[in-house]
Amino acid sequence: MRTRLVLAGAAMGAALLTGGTIATVQAAPASSATTTAVVPGASKWIYVGTYASDEACARDGRNSVYSKWDCKPSSSGKWQLWVDDAS
């Protein structure tokens, strides 16, 4: 009986620790540098990802569901894909 209580307590403690960690990670606010909007309802540019080449970035831009997209060079020499949320 004592073993069951110890195991149940350990399981509950692990569940609480895991749940707290996940909630903290999910609650982190997005950086304001990734999206900008001038007026409510205006278009917002959303960062999608970083690519090793301009070609790979453009391929994903063309294959996205957004009609407006842009590949911009980053300071690391890689390319960043941005899409217009309103398109």
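Since this is a predicted model, take the numbers as computed values, not measurements. (Residues numbered from 1 in each chain as written. Predicted model: local features only at pLDDT ≥ 70, side-chain atom pairs only at ≥ 80, totals over all residues. Heavy atoms only, no water.)

1. Some points on the pattern of salt bridges
Inference 1: Enumeration over the complete set of coordinates arrives at one salt bridge.
Inference 2: Residues Arg59 and Glu55 are paired through a salt bridge, measuring 3.7 Å at the closest nitrogen-oxygen approach. Taken together, the positions of Arg59 and Glu55, both in helix 2 (residues 54–62) and four residues apart, correspond to about one turn of that helix.
Inference 3: Residue Glu55 is classed as exposed on the basis of its relative accessible area of 58%. (Salt bridge = Lys/Arg side-chain N within 4 Å of Asp/Glu carboxyl O. Helix = DSSP H or I, 4+ residues; strand = E, 2+ residues; numbered from the N terminus. Buried < 20%, exposed > 50% of the residue type's maximum accessible area, 1.4 Å probe, protein only.)

2. Things to note about the side chain of Ser74
Inference 1: Inspection of the secondary structure puts Ser74 in the loop between strand 2 (69–73) and strand 3 (79–84).
Inference 2: Within the structure, the side chain of Ser74 is placed 2.9 Å from the side chain of Ser76, a separation counted as a polar contact.
Inference 3: Setting aside anything within four residues of it in sequence, one finds Ser74 in contact with Trp79 and Gln80. (Polar contact = N/O pair within 3.5 Å; in protein donor to acceptor, adjacent residues only side chain to side chain. Contact = heavy atoms within 4.5 Å.)

3. Comments concerning the sheet that holds strand 3
Inference 1: The strand order across the open sheet formed by three strands is 1-3-2, and the pairing between neighbours is antiparallel. A single partner strand is all that each edge strand has here, and the edge strands are strand 1 (45–51) and strand 2. Ignoring strand direction, the axes of neighbouring strands in this sheet form an average angle of 25°.
Inference 2: Across six bridges, strand 1 lies against strand 3 in antiparallel orientation. Note that in strand 3 the partner of Ile46 across the bridge is Val83. (Pairing = 2+ DSSP bridges. Axes fitted to C-alpha atoms, helices over the stretch in contact; angles between N-to-C directions.)

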